[in-house]
Amino acid sequence: MKKVNFTRLHSKLPLLWLVFLLTFSTTIYSQEEPPAEKATAAENAAPPPPAPADAGGDVAAGESLFKANCAACHKLDKKAVGPALRGVADKFDRDWLHKWIRNSQAMVAAGDPTAVKLFEENNKMIMTPFPALSDEDIDNILAYTNQPKSEPAGQVTPETVATTGAAGGEGGVSNSLVLGALALIFILLVIMLFLVYSTLKRIAKANGVVVEPEAREKRTPLWKAFIHNQFLVLVVSVFFILAASYFAFGYMMQIGVDQGYQPVQPIHYSHKIHAGDNGIDCNFCHSSARKSKTSGIPSLNVCMNCHKNISEVAPETATEEYSKEFYDGEIAKLYKAVGWDPENMEYTGKTEPVKWVRIHNLPDFAYFNHSQHVTVAGIACQTCHGEVQNMEEVYQFAPLTMGWCINCHRDTNVNLETNDYYEKIHAELSKKYGVEKLTVAEMGGLECGKCHY
């Protein structure tokens, strides 16, 4: 009777073959050079038609003048306060337009039939006169409004994807084909090894060879060895008790702390666009922060001060995450809430409440006054709320815990340059503490009654 070693070698060979084949296929994939040129969908998109040259004015200068003088009430392709102005130079006589732009009400008062009709069609909205604009300025504006509307960029379609994929595949063999062939070869090798193993097993049985499994040394189970080692049990027990205490303390300290809380609002309001890109001051919308305990939630009429004329965002406002259509849809939600009809430029009277979700919320037993910090102390909004101008969606930046507030009172010096109220007490406390500048804590900012009463 013969003893056969390496009885489990056949179970390891397929694994070795798999590693070899995967390494080989990865090498082929890395060496395959992509085509020199791949036309993307954006590159294949038809460019906008060239704007016809207008001998009557400078388009670039006209665009600047339009945005400075006309954009508040007019859009090129959509009615705003006034009518859409795309192609207006082709609808009216140029000399008539010069007179109308300089003083439309004078023409209405003189009984000009075209002026009166236009005035009545636009709900008798009085157009701001522009007597300072020269003939050249007006011609530049008309040249800008006479530009054809640019065609939207080509969209990615299945046909363009298929074309791009075909063009990309012309440079070499498809990766899927290579991987499929390697997988087939691997399966054939496994079948061959299984057949060889079965044949050798039958031959050994016919010759009286007994295949014995390798003898294994009997070992003590790990859990039994652990139980019998009292020192190791003691060390592990102490470790688990300390770890459990640490995590339990950390969990208890997080109760009521909502740092990082970022709820989904009913209307997506981008602080990045408003406070960041457009530079709108925080106090324009949260005006009560300067004179009240709370900063307040702006009423929707504050939004409509601008969005009465801004019904859509500029194309460059769109990002990879949020498209232009998404932002335009959120403006439409605002219109629905206030009952605004953008087509007829009038309120319908049908309003809906916007159920904003509160983000920053202090306990009822903690007193905090926005005006005391914003107006008196001159603390910037970003100190407590973070870089709001860079936030697409606002979240709670600071923990707003008692310790966080106390540390701020200990580190922040009181500004006395424009505050005569603290002049006398500052002089006395400066002598007491032997410092030139006093912190809020040294002025009594750590007294319990300041925040809890």
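Residues numbered from 1 in each chain as written. Predicted model: local features only at pLDDT ≥ 70, side-chain atom pairs only at ≥ 80, totals over all residues. Heavy atoms only, no water.

Draft legend 1. Main features of the overall build of the chain. The helix and strand inventory of the chain stands at 22 helices and two strands. For the chain, with 453 residues in total, the buried portion stands at 22%. Residue pairs in contact within the chain that sit at least 24 positions apart in sequence constitute 68% of those at least 6 positions apart. When the accessible surface of the chain is totalled, it reaches about 32300 Å², and 61% of it is carbon and sulfur. (Helix = DSSP H or I, 4+ residues; strand = E, 2+ residues; numbered from the N terminus. Buried < 20%, exposed > 50% of the residue type's maximum accessible area, 1.4 Å probe, protein only. Contact = heavy atoms within 4.5 Å. Areas by Shrake-Rupley, 256 points an atom, 1.4 Å probe, with all protein chains shown as cover.)

Draft legend 2. Structural detail: helix α12 (residues 230-253). Over its 24 residues, α12 extends 35 Å from the first C-alpha to the last, a length consistent with the 34 Å expected when each residue adds 1.5 Å. Of all 24 residues making up α12, only zero are buried, and the element is barely covered by its neighbours. Between the side-chain oxygen at the start of α12 and the backbone nitrogen of Phe231 there is a gap of 3.4 Å, and the oxygen is on Asn229. (Expected span 1.5 Å × (residues − 1). Polar contact = N/O pair within 3.5 Å; in protein donor to acceptor, adjacent residues only side chain to side chain.)

Draft legend 3. Structural view of the packing of aromatic side chains. Scanning the entire structure with this criterion turns up nine aromatic pairs. Consider the rings of Phe326 and Tyr327, whose centres lie 5.7 Å apart with planes at 65°: the pair is edge-to-face. For Phe326, a relative accessible area of 28% corresponds to the partly exposed category. Their ring planes at 65° and their centres at 4.7 Å tell us that Trp340 and Tyr347 sit as a pair that is edge-to-face. According to the relative accessible area criterion, Trp340 is buried, its value standing at 6%. (Phe/Tyr/Trp six-rings, centres within 6.5 Å; stacked < 30°, edge-to-face > 60°.)

Draft legend 4. Spotlight on the packing of helix α5 (residues 94-102) against helix α8 (residues 135-145). The geometry of α5 relative to α8 is characterised by a closest axis approach of 10 Å and an angle of 105° between their N-to-C directions. The pairing of α5 with α8 is recorded here as roughly perpendicular in orientation. Each of Arg94, Leu97, His98, Ile101 and Arg102 in α5 lies in contact with α8, whose residues at this interface are Asp135, Ile138, Asp139 and Leu142. For the contact of α5 with α8, the per-class residue count stands at four nonpolar, one polar and four charged. (Axes fitted to C-alpha atoms, helices over the stretch in contact; angles between N-to-C directions. Parallel < 35°, antiparallel > 145°, perpendicular 65-115°, else oblique. Nonpolar A, V, L, I, M, F, W, Y, C, P; charged D, E, K, R; others polar.)

Draft legend 5. Region of the structure containing a nonpolar patch on the surface. On the surface, a cluster of nonpolar side chains totalling about 610 Å² of accessible area is made up of Leu184, Ile187, Leu188, Ile191, Phe194 and Leu195. In this fold, Leu195 is placed in helix α10 (residues 175-206). (Patch = residues over 30% accessible without salt bridge, like charges linked within 9 Å, V, L, I, M, F, W, Y side chains within 5 Å. Salt bridge = Lys/Arg side-chain N within 4 Å of Asp/Glu carboxyl O.)

Draft legend 6. Structural context of the side chain of His74. Considering the arrangement of structural elements, one finds His74 in the loop between α3 (59-69) and α4 (88-91). Looking at His74, the relative accessible area reads 15%, which means it is buried. A distance of 2.9 Å separates a polar side-chain atom of His74 from the backbone oxygen of Pro83. Among residues more than four places away in sequence, those in contact with His74 are Phe66, Ala80, Gly82, Pro83 and Leu85.

Draft legend 7. Representation of the pattern of salt bridges within the structure. Taken as a whole and judged by the stated rule, the model has eight salt bridges. Here Lys324 and Asp328 are joined by a salt bridge, their closest N and O atoms 2.8 Å apart. One end of the pair is Lys324 and the other is Asp328, both in helix α16 (residues 324-338) and four residues apart, which spans about a single turn. Judged by its relative accessible area of 19%, Lys324 falls in the buried class. A salt bridge links Glu330 to Lys333; its shortest N-O distance comes to 3.2 Å. Pair noted here: Glu330 and Lys333 are both in helix α16, with a separation of three residues, about one helical turn. Given the relative accessible area of 8%, Glu330 is considered buried. By relative accessible area, which is 40% here, Lys333 ends up partly exposed.

Draft legend 8. Quick look at the state of the cysteines. Taken as a whole, this structure holds zero disulfides when the rule is applied. There is no disulfide at Cys405, and the cysteine sulfur nearest it, in Cys451, is 6.7 Å away. Take Cys405: its relative accessible area is 34%, and that puts it in the partly exposed class. As a non-bridged cysteine, Cys448 has Cys451 as the owner of its nearest cysteine sulfur, 9.1 Å distant. Judged by its relative accessible area of 62%, Cys448 falls in the exposed class. (Disulfide = S-S within 2.5 Å.)

Draft legend 9. Structural context of unusual backbone geometry. In this structure, Lys124 is a non-glycine residue whose phi angle is positive, near 55°. Tracing the backbone through its elements, the reader meets Lys124 in the loop between α7 (113-121) and α8. Relative accessible area serves as the criterion here: at 52%, Lys124 is assigned to the exposed category. In this structure, Met345 is a non-glycine residue whose phi angle is positive, near 55°.

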